[in-house]
Amino acid sequence: MKKILLLFITSIAFGQVPNVSSGKIQHIENFPSKYVDARNIDVWMPDGYSISEKYAVLYMHDGQMLYDAATTWNKQSWEVDELAGKLITEGTTKKFIVVGIWNNGQKRHPEYFPQKPYESLDQSQKDTITAQLQKAGRTKETFQPISDRYLKFITSELKPYIDQQFSTLTDRKNTCIAGSSMGGLISMYAICEYPEIFGGAACISTHWPGTFSTVNNPIPDAFHNYMNSHLPDPNTHLLYFDYGNKTLDALYPELQKKMDALMLKKGFTTSNWTTQFFEGKDHSEKSWAERLPIPFEFLLKK
């Protein structure tokens, strides 16, 4: 661990630190892993952060999109710093830090695509997924998820580092994970695969099709079957889902309703699960930023 720490200390100065309007960022350049490619990590700490206090931790995917619209490809961001800072200052949520995990460009889809549901498909179904993703320009090769390795990186490499270097509450109740679209899928998968680590997951505009077509697509049913046997205990876990109905979100309403029925079947109630629908909202950071206080309050209520 000391060797890794030295690497981070020497590299932080060379990374691009997002500008924030609330709190502060520690930028970690090229965090190394034996499971996945190295990537940047941006850890946000609220104003007044102190080692004399302990903070809950929210892990968020697509870390380069979270804080500073000036640095993102579409000039939009989640405005996490502003929104989280406001909620903490108002006392609406417990104090928490946000660990923004940058995505890895072309490997984003295989890293975020739940692996075990995919592996439950027969070969012809897998070929269908590959063909649909190739048509959408998401892969040129035969598609193969690597999300088990991605989650291993978060749980066995990144989380131990964060808990060592920051003043955190390390227990399940105070460890949550969140993301949108494919990031929503991997957040669902994370809480199902590691229910002993994550106590809450926010799955925002969850990309249930996995590909970009709902026609002849076996994966939504595979996700449903996986969740049926792997959803965590509703007595100890919180799950948030939401969706709009414009642009890519237009694919989600009917699929989300099936997942909602499953949540009821598995014993989830309004005390540990919510699904929110946002009429007229599209698939964008702007839309997600508008409603982000809702999942933050749900997962991190004081």
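As a reminder, the structure under discussion sits directly above these lines.
Residues numbered from 1 in each chain as written. Predicted model: local features only at pLDDT ≥ 70, side-chain atom pairs only at ≥ 80, totals over all residues. Heavy atoms only, no water.

With respect to the nonpolar core
Then, in step 1: Counting 57 residues, the largest nonpolar core has Tyr-59, Ile-162 and Met-227 as the members making the most contacts within it.
Then, in step 2: The dominant element in this core, judged by the number of residues it contributes, is helix 7 (residues 182-193), at eight residues.
Then, in step 3: Counting 29 residues, the second largest nonpolar core, distinct from the first, contains Met-60, Phe-96, Ala-178 and Leu-292. (Core = buried A, V, L, I, M, F, W, Y, C linked by side-chain atoms within 4.5 Å. Buried < 20%, exposed > 50% of the residue type's maximum accessible area, 1.4 Å probe, protein only. Helix = DSSP H or I, 4+ residues; strand = E, 2+ residues; numbered from the N terminus.)

Some details on the pattern of salt bridges
Then, in step 1: Following the criterion strictly, the structure yields 12 salt bridges and no others.
Then, in step 2: Across the pair Asp-37 and Lys-107 runs a salt bridge whose closest N-O atoms are separated by 2.7 Å. With a gap of 70 residues between them, Asp-37 in the loop between strand 1 (24-31) and strand 2 (39-45) and Lys-107 in the loop between strand 4 (96-101) and helix 3 (108-112) connect regions that are remote in the sequence.
Then, in step 3: You can call Lys-107 partly exposed: its relative accessible area is 37%.
Then, in step 4: Among the salt bridges present, the one from Arg-108 reaches Asp-62, with a minimum N-O distance of 2.8 Å. (Salt bridge = Lys/Arg side-chain N within 4 Å of Asp/Glu carboxyl O.)

Some thoughts on the side chain of Thr-72
Then, in step 1: Summarising the element assignment, Thr-72 is placed in the loop between strand 3 (56-60) and helix 2 (80-90).
Then, in step 2: A polar side-chain atom of Thr-72 sits 3.2 Å from the main-chain carbonyl oxygen of Ala-69.
Then, in step 3: In this structure, Thr-72 is in contact with Gln-64 and Met-65, ignoring residues within four places of it in sequence. (Polar contact = N/O pair within 3.5 Å; in protein donor to acceptor, adjacent residues only side chain to side chain. Contact = heavy atoms within 4.5 Å.)

Here's the deal with the environment of Met-227
Then, in step 1: Along the chain, Met-227 falls in helix 8 (residues 219-230).
Then, in step 2: Along the primary structure Met-227 and Met-263 are separated by 36 residues, whereas in three dimensions their C-alpha atoms are 8.9 Å apart.
Then, in step 3: Not counting the four nearest positions on each side in its chain, Met-227 is found in contact with Met-188, Trp-208, Phe-241, Met-259, Leu-262 and Met-263.

Some points on the pairing of strand 3
Then, in step 1: Burial within strand 3 is extensive, with five of its five residues counted as buried.
Then, in step 2: A two-sided burial pattern is seen for strand 3, the buried positions comprising Ala-56, Leu-58 and Met-60 on one face and Val-57 and Tyr-59 on the other.
Then, in step 3: Pairing between strand 3 and strand 4: five bridges, direction parallel. Bridge pairing links Tyr-59 to Val-99 in strand 4.
Then, in step 4: In this view, the connection linking strand 3 to its parallel neighbour strand 4 by way of helix 2 has right-handed handedness. (Pairing = 2+ DSSP bridges. Right-handed = clockwise from strand over helix to strand, strands pointing away.)

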